[in-house]
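Observations on the three-dimensional arrangement
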Amino acid sequence: MENAKTPTRYSRFIAKYPWAMLLIVFGVTVVCGVVDYFAVPFPSFEEPGKGFASRNTDIVRKVRTVENVENYTASTRSTTLFNKIDDYEPEPSASDVKESGSGQDDAALLCTTTDFLTRVRVVFEADFTLEKIHAMCSFSDNQIRLRTNFSMICLKDFTTSSSSCCPDVSLGNVIAAARNVSSCSALREIDIDEIRDLLTDCAPWYANDSLTKTCAQTQAKYSDDPVDVPRTERNCLTVPQRCTRFNAVYIILHYLVDIDFVNALLTSSADFPKLTYAITLYQSLDPLDRDDEEARRVPQDWYIGVYEDLFSKHRPTYDGVTIAGHDLGIAFRIFSKRIGRESIYLGLSLVIIIVIMWIYTQSFFMTSMGSLAIVFAMVITYFLYHIVFRIPFFGYLNLLSFIVVIGVGADDVFVYLDIWRHTKAARPNADVASWIDTTLKHAALAMFVTSCTTATAFYTNAISAITALRVFGVFAGTAIIMNYIMMITWLPAIVVIHDRYFDGCCGRCCRRSDDGGGNPGCLRKCFRGVEHVLKSIYGKVVPNVIVKFRYVLVGVLTALAIAAAIAVFYKPRLRLPSDDSFQLFTSSEPLATYQLELEDEFNFEVSSDPAENERVRLTYTFVWGIVAEDRGNHLDPDDVPVHLTFEPYWRSGFEFTRERQAYFLDFCRQVRDESFYQSSKTCFASEMDDWLASLRHANACVAHEALAESRGWVPTAPYDLCCNVSLPVDSPTTFDTCLKRWANGIVVNRTEKDYFSVKFDDDGNVKAVTAQIVTNRGFTWRFNEMTDIYDEMTGFMDRWRGADQPAGLRDGWVSSLAVSFYDTQQNLFSGTVTAMGVALGLAFIVLFITTFNIVISFYAIVAIGFVLLCTVGTVVLLGWELNVIESVTVALAVGLAVDFTVHFGVAYRLSPEPLRRDRTLFAVRQMGQAISMAALTTFAAGVMMMPATIINLFQIGVFLMLVMTFSWLYANFFFLPLCAIIGPQNQFGQIPIPRALDCYDSSSSVSPSDDLEKREDAKGNDVVAANCNAIVLKPIVIESRNHQENHVNHIVVEEKKPTDENVEDIQDVKMPQELPNGGFDHHQLGVWTDHGVQVVWC
């Protein structure tokens, strides 16, 4: 029997004043929206990669500090160097005098240097023939250079009187210059034949790294005195001069032709190899100039016009050549323009969800108002994010949370309306407040569990060191919480208003005629058809499959999860990003073709030889006296203040005792013996010692004193103080004097880009010391190799740290600017694993607190873990790497995978049945329809993202489809069959708790003993008395004693008579008719049997 309980004040308030609740929610939303509009700037996505880097990690703190040291030095020497020492001007050093060579280099050829890495690129599919070379030149001349305003964005040749635009770095122009031909169009067949022969002869020198970009200058500079040539450039002297003339061969092989062509030159003995790709580099203003926004906007605007006119179609052709791809430096600008347009797919996702909700709810009013609740949740979330949490950075990844909230919100609407309908059907004579109270006790609990676990999964991203992930976690988690609040405030009020004012007002198309006659309308037929199909599937088909094939289902899905685990952890395994390039578009977009397909086809893009390319050589920076720190707001990637904090020993000036001098001198000498050492940029102790040694030769001090006297210099101390000493010196004063004298000459003679390794303040006190060592280690994107390099770097420095070192030198550290991306890789992996583990752990805690059943909680977490493995395993097989967006999807997977399993787990816990099989059937019939519709809506939202050309929108669509598929599959056909096999029965695994803390109201559940009374009649037959007074939301399942036939024999269902206490809750029970064989028609009461299990609907 049900113990009638008084509805809560909250339920009574909504029942009595639903419009007041709507006005409160609407008013709060409007206020938040107005503040958002006027107080918060609209987010800009011109730099979509912003925030995809770590902040405040040990590596980042050191990298930021090294950058700040360089920024201080480059911007204002007066704050870092004492540059007016002793009031005299030193003689310029001989090393600062530029030596001129007689050779003609590529600068003369192309009016710029060979640093073409920032140039705009266009790749052609063309053979090495005169016709194709002319066609490529014609395209550049007629389609690019003749366009309006090209002269405004091109690099100028100021060596000519007209300051004309520099020629393109193209195959035709380089051949023309090498053959001394006036232009590309004037080339003849004989010129092409000569270049073919030249490339064939010179390719081996390029292949063995003898022919480099500096060979022409080296040969000109050291041709008369080869003894003094640096060791790294000696191979250049062995290269034939015709291979280095104008640097034409190197430019062609390194920049302009594909790698396969170069390799074929080395192996082909007869025919000249076929050229697949040729690239043209346009010498214009850099459209990716990071220092000046206006400077990059001019060429970007111009190249956007080129793209829209010439390259917007995939693989266009011109005069017989195909344009295979391009990199115009405008991808970010196109992205920022296109993301607004492609946000329509988010709108389409909302539309498809609304349609599915409409079909399921059979009410457009309920559907539209439920969708509006989701929109309100996002408006309030945006307000909290910017105004309350004060997070200034809104990454475009935050937009992805809209899709997730739409799916979760639709799930909550389905659950609430489903339970509301069951409540009304069970208690049609109860008042509205009681309906709300009962519905909230069940729906609010289920929604709270799923919302809490989903929000927790998102909030765990806040522990990530990567800014974009942190702010996404905060925004998405808050959005889920706001959506839950909407579902327990706005939605109940809307349901009351709908039932009170709008139910039945949709017209004859939706309803029967007023007198009950006629046929259902068109929409009603559709709705009832869908409803009938769902009830058939989850009333008979799915329960039978789960029970009959439970062992097979658990075994198959466990094997699938194991296979996914092999794919994730063994082969092909989840890989960290292989480069730091940020893919913006899908492979079908022409803007992405160069990055995805062509970038690795050219030597200059993939070259990682540190001896050949200084750009990829690692430089280690050793620092003493400066605290490594990353100041600023770590949730704002733009907030990176330039600041230096000095160690306590160095704040008032550092005294170089003999012991400290010896420390630095030993360091500079011993670092040269390390395997990674190539050269020293700055290591002051050895450089200063060499300078002191130079003073002791050839009477340098006497000569300098005479020069000082002739120019009127007045030194503040005798110059010969430094003439007869060597490091280490006993007197710190002597050392300080000599250091400043030597530093003064270094400062004047170094370029602005260089900086002196000893840092002085304006009073001449030493504040810090740095040393820069150029290594022979080449930069690599491979995480394991960079780990070895980083360990080697830090391991060497550890030997120069610790308590056994001189005071003030015990906390030195080392860094390299090149390890920033390595740190991002490291944090992507560790942060993702940590976030996933924390999310699963917190999900288990929430489940356990909600169900207080450790067995159900454990099974649910196993199912969720299998969903994660299958989802991640699938994306691994699709070739995805663990980049930022993939890390986000893992967090989303945790958040979304819990929902369906949790709903079934809570329903299993709520079941009034004692046996596991009956509880399983109870759960699937209770929640199956709502869960399937929720999965369908989110899956459909993912389908709507498939036309997107922005890669992250496309990936999130793929991910939503995968996680919904696996979540639905494992919730229905793994978790439930597992519960049917070894699920808890009776009170097994249940933790006893005080009644006041019990989330489950026993009065709103039905137990068999309360609703069915069994006895034997005079003939010895089973007699079942059905008590339909209690709230019955689900079917009641009773084991029959007679299992011989498909229907239950000799069962008499008799109605219990009402009493004065329960007259309001009585429901009519239609008595069954006795069958000819003595049984009863089980269809009349909604009674059916399955292997002797009788189900009676009250």
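Before going into details, it helps to say that this report is about the structure given with it.

Per the secondary structure count, the chain includes 34 helices and 17 strands. Buried positions account for 54% of the 1098 residues belonging to the chain. Of the roughly 47,900 Å² of accessible surface on the chain, a fraction of 55% belongs to carbon and sulfur atoms.

Counted under the stated rule, the structure contains 24 salt bridges. Residue Asp193 pairs with Arg196 through a salt bridge whose shortest N-O separation is 3.7 Å. Of this pair, Asp193 and Arg196 both sit in helix α8 (residues 189-207), three residues apart, roughly one helical turn. Through salt bridges with shared partners, a single ionic network connects Arg55, Arg64, Glu67 and Asp630.

Tallied over the entire structure, the rule returns 53 aromatic pairs. Centroid distance Tyr255 to Phe604: 5.2 Å. Interplanar angle 35 degrees. Geometry classified as tilted. Of this pair, Tyr255 sits in helix α11 (residues 248-256) while Phe604 sits in helix α23 (residues 603-606); the two residues are 349 residues apart in sequence, bridging distant segments of the chain. Residue classification places Tyr255 among the buried positions, given a relative accessible area of 4%. Phe604 gets classed as buried once you look at its relative accessible area, which sits at 1%. Seen from their ring centres, Phe376 and Trp490 are 5.0 Å apart, and the 80 degrees between their planes marks the pair as edge-to-face.

Moving on to the packing of helix α2 (residues 18-39) against helix α19 (residues 467-502). As a packed pair, α2 and α19 sit with axes 9 Å apart at the nearest point and diverge in direction by 135 degrees. Accordingly, the angle class assigned to the pair α2 and α19 is oblique. You can see that α2 and α19 cross each other, and the crossing is left-handed. Residues Pro18, Trp19, Met21, Leu22, Val25, Phe26 and Thr29 of α2 form the contact with α19, whose participating residues are Met486, Thr489, Trp490, Ala493, Ile494, Val496, Ile497, Arg500 and Tyr501. By residue class, the composition of the contact of α2 with α19 is 13 nonpolar, two polar and one charged.

All right, on to unusual backbone geometry then. Across the junction of Lys571 and Pro572, the peptide omega takes the value 0 degrees, indicating a cis bond. With respect to the helices, strands and loops of the structure, Pro572 is situated in the loop between α21 (550-569) and α22 (590-598). Cis geometry marks the peptide bond from Leu727 to Pro728, where omega comes out at 0 degrees. Looking at where Pro728 falls in the secondary structure, it is placed in the loop between α26 (700-711) and α27 (732-749). Even without a glycine there, the phi angle at Asn56 is positive, about 60 degrees. Relative to the helices and strands, Asn56 is located in the loop between α2 and α3 (58-75).

Once that is clear, we can look at the nonpolar core. By size, the foremost hydrophobic cluster in this structure holds 245 residues, and its most contacted members are Phe128, Ile133, Leu171 and Leu397. For this core, the leading source of residues is α19, giving 20 residues. Beyond its immediate stretch of four places on either side in the chain, Phe128 contacts Ile133, Leu171, Ile175, Ile192, Ile195, Arg196, Leu199, Phe261, Phe272 and Leu275.

Right, let's get into the packing of α8 against helix α12 (residues 259-267). Contact pair α8 / α12: the axes reach a minimum separation of 9 Å and the direction vectors enclose 105 degrees. Taken together, the axis directions place α8 and α12 in an arrangement best described as roughly perpendicular. Between α8 and α12, the residues in contact are Leu199, Thr200, Ala203, Pro204, Tyr206 and Ala207 and Phe261, Val262, Leu265 and Leu266, respectively. Class assignment for the residues of the contact of α8 with α12 results in nine nonpolar, one polar and no charged.

Read from one edge of the open sheet, four strands run β2-β1-β4-β3, paired in antiparallel fashion. Bordering the open sheet on either side are β2 (277-282) and β3 (317-318), each of which pairs with just one other strand. Sheet analysis places strand β1 (residues 120-125) next to strand β4 (residues 321-327), joined by five bridges and oriented antiparallel. When the sheet's bridge partners are listed, Glu125 is paired in β4 with Thr322. The strands that α22 touches are β1, β2 and β4; relative to β4, the one it contacts most, it runs at about 90 degrees.

Conventions and cut-offs
- Residues numbered from 1 in each chain as written.
- Predicted model: local features only at pLDDT ≥ 70, side-chain atom pairs only at ≥ 80, totals over all residues.
- Heavy atoms only, no water.
- Helix = DSSP H or I, 4+ residues; strand = E, 2+ residues; numbered from the N terminus.
- Buried < 20%, exposed > 50% of the residue type's maximum accessible area, 1.4 Å probe, protein only.
- Areas by Shrake-Rupley, 256 points an atom, 1.4 Å probe, with all protein chains shown as cover.
- Salt bridge = Lys/Arg side-chain N within 4 Å of Asp/Glu carboxyl O.
- Phe/Tyr/Trp six-rings, centres within 6.5 Å; stacked < 30°, edge-to-face > 60°.
- Axes fitted to C-alpha atoms, helices over the stretch in contact; angles between N-to-C directions.
- Parallel < 35°, antiparallel > 145°, perpendicular 65-115°, else oblique.
- Left-handed = near helix turned anticlockwise from the far one by under 90°.
- Contact = heavy atoms within 4.5 Å.
- Nonpolar A, V, L, I, M, F, W, Y, C, P; charged D, E, K, R; others polar.
- Core = buried A, V, L, I, M, F, W, Y, C linked by side-chain atoms within 4.5 Å.
- Pairing = 2+ DSSP bridges.

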